[in-house]
Amino acid sequence: TEQALDIKRTDAKAIFAEAVAAADPALALRNKLITAPSPPRKKAGRSIVIAVGKAAPAMLREALRHIRGGHTAIAVTQSDIRSRTKTGCRRGARL
């Protein structure tokens, strides 16, 4: 019946939305950093953060939210990946 199809369609959309949310790279990293934070840095230390892959920009943005103090960060990804850059960031040269 049409009503049964509507229920199945609604269920399928909900399942798909949950799957997409579960695959969010920034959310996955956030959950990991909350449950297993990195060890404290020495007072004079500086963090170097490197993210590689298609999800690099999203994961780098999330990682930088959890880092206090001085840091240097780089995202290495495909040239066709478009991402908002933070103030102080710049796009690098094509390799």
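Throughout what follows, the structure given in this document is the object of discussion.

### Focus: the pattern of salt bridges
Following the criterion strictly, the structure yields three salt bridges and no others. Bridged by salt links that share partners, the residues Arg 30, Glu 62 and Arg 65 form one connected network.

### Focus on the pairing of strand E1 (residues 47-52)
Along E1, the buried face is formed by Ser 47, Val 49 and Ala 51; none of Ile 48, Ile 50 and Val 52, which line the opposite face, is buried. Assessed by its sense of winding, the connection that carries the chain from E1 through helix H3 (residues 56-65) to strand E2 (residues 71-76) is right-handed.

### Some thoughts on a nonpolar patch on the surface
On the surface, Ile 48, Ile 50, Val 52, Ile 74 and Val 76 cluster together into a nonpolar patch covering about 520 Å² of accessible area. Going through the elements one at a time, E1 and E2 are the ones with two or more residues in the nonpolar patch. Here the element with the most residues in the nonpolar patch is E1; it accounts for three residues. Locating Ile 48 in the fold gives a position in strand E1.

### Focus on H3
Residues separated by three or four positions in an α-helix point in the same direction, a consequence of the helix having 3.6 residues per turn. Regarding H3, the residues found buried are Ala 56, Pro 57, Leu 60, Glu 62, Ala 63 and Leu 64. The elements touched by buried residues of H3 are helix H2 (25-35), E1 and E2.

### Observations regarding the pairing of E2
In this sheet, E2 lies alongside E1 in parallel orientation, the contact comprising six bridges. Bridging across to E2, Val 49 finds its partner in Ala 73.

### A closer look at the layout of surface pockets
Here the second largest pocket defines a volume of roughly 290 Å³. Forming the walls of the second largest pocket are Leu 33, Pro 37, Ser 38, Pro 39, Pro 40, Arg 41, Ser 47, Ala 63, His 66, Ile 67 and Arg 68. Partitioned by chemical class, the residues of the lining of the second largest pocket number six nonpolar, three polar and two charged.

### Considering the packing of H2 against H3
For the pair H2 and H3, the least separation of the axes is 8 Å and the interaxial angle reads 30 degrees. One way to sum up the angle between H2 and H3 is to call them roughly parallel. H3 is crossed by H2, and the crossing has right-handed handedness. Of the residues in H3, those touching H2 at Pro 25, Ala 26, Leu 29, Arg 30 and Leu 33 are Ala 58, Met 59, Glu 62, Ala 63 and Arg 65. Looking at the contact of H2 with H3 residue by residue, the class counts come to seven nonpolar, no polar and three charged.

Basis of the calculations
Residues numbered from 1 in each chain as written. Predicted model: local features only at pLDDT ≥ 70, side-chain atom pairs only at ≥ 80, totals over all residues. Heavy atoms only, no water. Salt bridge = Lys/Arg side-chain N within 4 Å of Asp/Glu carboxyl O. Buried < 20%, exposed > 50% of the residue type's maximum accessible area, 1.4 Å probe, protein only. Helix = DSSP H or I, 4+ residues; strand = E, 2+ residues; numbered from the N terminus. Right-handed = clockwise from strand over helix to strand, strands pointing away. Patch = residues over 30% accessible without salt bridge, like charges linked within 9 Å, V, L, I, M, F, W, Y side chains within 5 Å. Areas by Shrake-Rupley, 256 points an atom, 1.4 Å probe, with all protein chains shown as cover. Contact = heavy atoms within 4.5 Å. Pairing = 2+ DSSP bridges. 1 Å grid on protein atoms, 1.4 Å probe; cavity = no way out; pocket = protein on both sides within 12 Å on 5 of 7 lines; lining within 4 Å. Points joined across faces, edges and corners; volume = space filled by probe spheres on them. Nonpolar A, V, L, I, M, F, W, Y, C, P; charged D, E, K, R; others polar. Axes fitted to C-alpha atoms, helices over the stretch in contact; angles between N-to-C directions. Parallel < 35°, antiparallel > 145°, perpendicular 65-115°, else oblique. Left-handed = near helix turned anticlockwise from the far one by under 90°.

Nothing here speaks to function; it is geometry throughout.
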